[in-house]
Amino acid sequence: MPECDWAVRRIRKELNLLWLDPPAFCRPGPAPVTDLFHWEVVIDGPDGSPYAGGTFPVDVAIPKKYPMKPLKITFKTKVYHPNIGPEGRMALDIFGEWWSPAITISTALLSVVSVLYDPLLDLPARRDAALQYRHQRGLFEQKARRWTHRYASAPVASFCPAAARKELLEEAATTGAVARRRFCGVGKWRFFGWYWVGNELRAENGHATMSGM
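Just so you know, these numbers come straight off a predicted model, no measurement behind them.

(A) Summary view of the overall build of the protein. The helix and strand tally for the protein stands at 5 helices and 10 strands. Taken across its 213 residues, the protein has 47% of its residues classed as buried. By sequence separation, contacts in the protein at least 24 residues apart represent 55% of the contacts at least 6 residues apart. With an accessible surface of roughly 10,900 Å², the protein has 54% of that area assigned to carbon and sulfur atoms.

This is the structure we're talking about:
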């Protein structure tokens, strides 16, 4: 099988998983995916971090040689964080020399959420933020919260394809809610219940919504 065809099969499988069982605090973007190698994902600011309550659209660029080559993840809003550069690029070692073909898009997104809780100060993309986090933690958190409120407070609905909506609806009809257990990156499991309101799929945590056609 040609390398690109194999990559497409894996990417389709991972995209379907993002619709049906997204990682904690992550969900599909607001528009349909028209290019398998370029997605938009939404990260809802994780509880217990200065980014809680924020909604962060993220650009996921997948190379043609995926999974042999690493993803590129870029925040589309301004974020004050030691590992997120002024242009929004997430700087982690797993997106460079420590990349492995075993890493999936979901596990990469979980790593991003984990770093929102616990920055990697040895790999700063913003030295000013890293120094402030290390020596003036309270001031860092105040500034990160201000930026979250200023740049990431607008709600963003998620697009859910009809097929995925059908599967979620069938599961919801059977169980009363689509309850999924998600590891949130700080040693805890979190439960999310999904329910339909009109043409939107909403999460019981109040942040995520999915809209479909």
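Here the narrative resumes.
(B) Geometry of the nonpolar core. Among the nonpolar cores identified, the biggest contains 47 residues, and W39, I43, I62, F75 and F95 are the most heavily contacted of them. For this core, the elements supplying multiple residues, two or more each, are α1 (3–20), β2 (38–44), β3 (55–61), β4 (72–75), α2 (105–117), α3 (127–135) and α4 (137–151). Per-element tally for this core: the top contributor is α2, with 8 residues. If we ignore the near neighbours within four places in the chain, the residues touching I62 are I11, L36, F37, W39, L71 and I105.

(C) The packing of aromatic side chains, seen in detail. Applying the stated criterion to the full structure yields 7 aromatic pairs. Each ring, one from Y66 and one from W99, has its centre 6.2 Å from the other, and the planes form 50°; the classification is tilted. Residue Y66 is found in the loop between β3 and β4, and its partner W99 is found in the loop between β4 and α2; the two are separated by 33 residues along the sequence. Per residue, the accessibility class of Y66 equals that of W99, and both read buried. A ring pair is formed by Y80 and W147, whose centres lie 5.3 Å apart and whose planes are at 55°; its orientation type is tilted.

(D) Region of the structure containing the environment of V58. Secondary-structure assignment places V58 in strand β3. Along the primary structure V58 and V42 are separated by 16 residues, whereas in three dimensions their C-alpha atoms are 5.8 Å apart. The residues contacting V58, other than those within four sequence positions of it, are W39, E40, V41, I43, I73, T74, F75 and K76.

(E) Representation of the sheet that holds β4 in the model. Taking strand neighbours across the sheet as the criterion, the 4 strands line up as β1-β2-β3-β4 in an open arrangement whose pairing is antiparallel. Every other strand in the sheet has two partners, leaving β1 (26–28) and β4 as the edge strands with one partner each. Strand-to-strand twist in this sheet, taken as the mean axis angle between neighbours without regard to direction, amounts to 35°. Inspection of the sheet shows β3 paired to β4 by 4 bridges, in the antiparallel sense. Opposite D59, over in β4, you have T74 as the bridge partner. α2 contacts β1, β2, β3 and β4 of the sheet and is inclined by roughly 35° relative to β2.

(F) Empty space enclosed by the protein, seen in detail. Taken as a whole and assessed by the stated rule, the structure comprises 2 cavities of 30 Å³ or more. Put simply, the second largest cavity is a space of about 40 Å³. As for the second largest cavity, its lining consists of W19, P28, G29, A31, P32, V33, E40 and F159. Looking at the lining of the second largest cavity residue by residue, the class counts come to 6 nonpolar, 1 polar and 1 charged.

(G) Structural view of α4. With 15 residues, α4 should reach 21 Å at 1.5 Å per residue; the first-to-last C-alpha distance of 21 Å fits that figure. When α4 is considered as a whole, its buried residues turn out to be F140, A144, W147 and T148. In an axial view of α4, the angular spread of the buried residues amounts to 100°, which keeps them on one side of the axis. Along α4, exposed side chains directed more than 90 degrees from the buried face belong to H149 and R150. Elements in contact with the buried residues of α4: β3 and α3.

(H) Quick peek at the pattern of salt bridges. Scanning the model with the defined rule gives 6 salt bridges in all. We note a salt bridge from E141 to R145, for which the minimum N-O separation is 3.7 Å. Note that E141 and R145 are positioned in helix α4 at a spacing of 4 residues, about one turn of the helix. By relative accessible area, which is 22% here, E141 ends up partly exposed. A single network of salt bridges, built from pairs that share partners, joins R137, E141 and R145.

Procedures and definitions
Note that residues are indexed from 1 along each chain, following the sequence as it is written. Reporting of local features is limited, given that this is a predicted model, to residues whose pLDDT is at least 70; pairs of side-chain atoms are given and counted only at 80 or more, and all residues count toward the totals for whole chains, interfaces and linings. As a rule here, side-chain values cover all heavy atoms of the structure and leave hydrogens and water aside. Secondary structure elements are taken from DSSP: a helix is a run of H or I of four residues or more, a strand is a run of E of two residues or more, and numbering for both begins at the N terminus. Here the term buried applies to any residue with accessible area under 20% of the maximum for its type, exposed to any over 50%, and partly exposed to those in between, with areas from a 1.4 Å probe on protein chains only. Contacts were defined at the residue level, with two residues in contact if any of their heavy atoms lie within 4.5 Å. Shrake-Rupley sampling with a 1.4 Å probe provides the accessible areas, and residues are treated as covered by the protein chains on show and by no other component. Residues grouped as a nonpolar core are buried Ala, Val, Leu, Ile, Met, Phe, Trp, Tyr and Cys residues, joined through side-chain atoms within 4.5 Å. Each Phe, Tyr or Trp ring, with Trp reduced to its six-membered ring, pairs with another whose centre is within 6.5 Å; inter-plane angles below 30 degrees give stacked pairs, above 60 give edge-to-face pairs, and intermediate values give tilted ones. Strands were regarded as paired on the criterion that DSSP finds at least two bridges between them. In this description, a line fitted to the C-alpha atoms serves as the axis of each element, helices being fitted only across the stretch in contact, and the angle between N-to-C directions of two axes falls anywhere from 0 to 180 degrees. Computed over the protein atoms alone on a 1 Å grid, cavities are sets of points where a 1.4 Å probe fits but cannot get out and pockets are open sets with protein on both sides within 12 Å along at least five of seven lines; a residue lines them when it has an atom within 4 Å of a point. Grid points are joined across faces, edges and corners, and a volume is the space filled by probe spheres set on the points. Polarity classes work like this: nonpolar for Ala, Val, Leu, Ile, Met, Phe, Trp, Tyr, Cys and Pro, charged for Asp, Glu, Lys and Arg, and polar for all others, with Gly in that last group. By this rule, a helix spans an expected 1.5 Å times one less than how many residues it contains. Regarding the arc, it is the one traced by the directions from the helix axis to the C-beta atoms. In what follows, salt bridge is the name for a side-chain nitrogen of Lys or Arg lying within 4 Å of a carboxyl oxygen of Asp or Glu.

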